[in-house]
Amino acid sequence: METVTYVRGDATTPLGKGVKVIAHVCNDRGGWGRGFVLALSKRWPEPEADYRKWHRERAHNDFGLGALRLVRVDTYLWVANLIGQHGTRTGSKGPPVRYAAIDRALTGLGERALELGASVHMPRIGCGLAGGTWAGVEPLILERLSGRGVPVTVYDHD
């Protein structure tokens, strides 16, 4: 079974050659403006624009927990918007992270990465503003991506 490679650095500048996908977790409320998305938006306008349009037109598409959208930002680079967070704040039902939704989105991402022949790059998804734990997310990555032969690099920002 493949493993996850951990590096110090910026996930918006993924290492290595070939086709790459930068994956991150989004909320299901249409909010984009805090956390890792700020770094993405600084580099490329397309992921935010696509996310906002996807949310705005949600009555007519698949937007919701567990959904996934790949947005091409360069010839060999994509950004994967994974809907794995319910709302934006911790409430009576706990933090916004939804592990089942991340699992479903990662399943789709694994399929797409294999089709594209891509490696996947990410911060510790679901563990920042979403309030999740890496102990809850890493096994999903190992099963849905690494275990299927998709190379994964996780970036811990300096």
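Everything here concerns the structure above.
Residues numbered from 1 in each chain as written. Predicted model: local features only at pLDDT ≥ 70, side-chain atom pairs only at ≥ 80, totals over all residues. Heavy atoms only, no water.

## Topic: the packing of aromatic side chains
Logical step 1: Counted according to the given criterion, the structure contains 4 aromatic pairs.
Logical step 2: Between Trp32 and Tyr51, the ring centres sit 5.3 Å apart and the planes meet at 40 degrees, which makes this aromatic pair tilted. Here Tyr51 lies in helix α2 (residues 46-56) and Trp32 lies in the loop between β2 (20-27) and α1 (36-43), a separation of 19 residues in the sequence.
Logical step 3: A relative accessible area of 9% means that Trp32 is categorised as buried.
Logical step 4: With 5.0 Å between their ring centres and 85 degrees between their planes, Trp54 and Phe63 make a pair best called edge-to-face. (Phe/Tyr/Trp six-rings, centres within 6.5 Å; stacked < 30°, edge-to-face > 60°. Helix = DSSP H or I, 4+ residues; strand = E, 2+ residues; numbered from the N terminus. Buried < 20%, exposed > 50% of the residue type's maximum accessible area, 1.4 Å probe, protein only.)

## Brief notes about the side chain of Asp50
Logical step 1: Position of Asp50 among the secondary structure elements: in helix α2.
Logical step 2: Those residues in contact with Asp50, other than ones at most four positions away along the chain, are Arg69 and Val71. (Contact = heavy atoms within 4.5 Å.)

## Focus on the pairing of strand β3 (residues 68-74)
Logical step 1: Relative to strand β4 (residues 77-85), β3 runs antiparallel, the two sharing 6 bridges. What sits directly across from Leu70, in β4, is Ala80.
Logical step 2: The antiparallel pairing of β3 with β4 creates a hairpin that spans 2 residues between the two strands. (Pairing = 2+ DSSP bridges.)

## Structural notes on α2
Logical step 1: All buried positions along α2 are accounted for by Pro47, Asp50, Tyr51, Trp54 and His55. Down the axis of α2, the smallest arc covering the buried residues is 130 degrees, so these residues share one side. (Arc of directions from axis to C-beta.)

## Here we look at the environment of Gly87
Logical step 1: Relative to the assigned elements, Gly87 resides in the loop between β4 and α3 (99-116).
Logical step 2: On the basis of relative accessibility, which here comes to 6%, the residue Gly87 falls in the buried class.
Logical step 3: Along the sequence, Gly87 and Ser119 sit 32 residues apart, while their C-alpha atoms lie 29 Å from each other.
Logical step 4: When sequence neighbours within four positions are dropped, the list of residues in contact with Gly87 reads Asn27, Asp28, Arg29 and Pro96.

## A closer look at the nonpolar core
Logical step 1: Judged by nonpolar contacts, the single largest core of 29 residues is most densely connected at Leu109, Val120 and Ile141.
Logical step 2: With 5 residues, α3 is the single largest residue contributor to this core.
Logical step 3: Among all residues touching Val120, those that are not within four sequence positions of it are Val21, Ala23, Leu109, Ala113, Leu145, Val150, Pro151, Val152 and Thr153.
Logical step 4: Of all hydrophobic cores here, the second largest spans 14 residues; its members include Trp32, Val37, Ala67 and Val79. (Core = buried A, V, L, I, M, F, W, Y, C linked by side-chain atoms within 4.5 Å.)

## Regarding the sheet that holds strand β6 (residues 152-156)
Logical step 1: If you walk across this open sheet you meet the 6 strands as β1-β6-β5-β2-β4-β3, and the pairing is mixed. If you trace the sheet from one side to the other, it starts and ends with β1 (4-8) and β3, each paired once. The sheet shows a mean angle of 30 degrees between the axes of neighbouring strands, taken without regard to direction.
Logical step 2: As judged from the 3 bridges shared by β2 and strand β5 (residues 119-122), these two strands associate in the parallel manner. Residue Val21 lies in a different strand from β5, and its bridge partner there is Val120.
Logical step 3: Set on the sheet, α1 makes contact with β2 and β4; between it and β2 the angle comes to about 130 degrees.
Logical step 4: In this fold α3 packs onto β2, β3, β4 and β5, with an angle of close to 165 degrees to the strand it touches most, β4. (Axes fitted to C-alpha atoms, helices over the stretch in contact; angles between N-to-C directions.)

## Things to note about the state of the cysteines
Logical step 1: Scanning the entire structure with this criterion turns up 0 disulfides.
Logical step 2: Of all cysteine sulfurs, the one in Cys127 lies closest to Cys26, which takes part in no disulfide; the gap is 15 Å.
Logical step 3: A residue is classified by how much of its surface remains accessible, and Cys26, at 4% relative accessible area, is buried. (Disulfide = S-S within 2.5 Å.)

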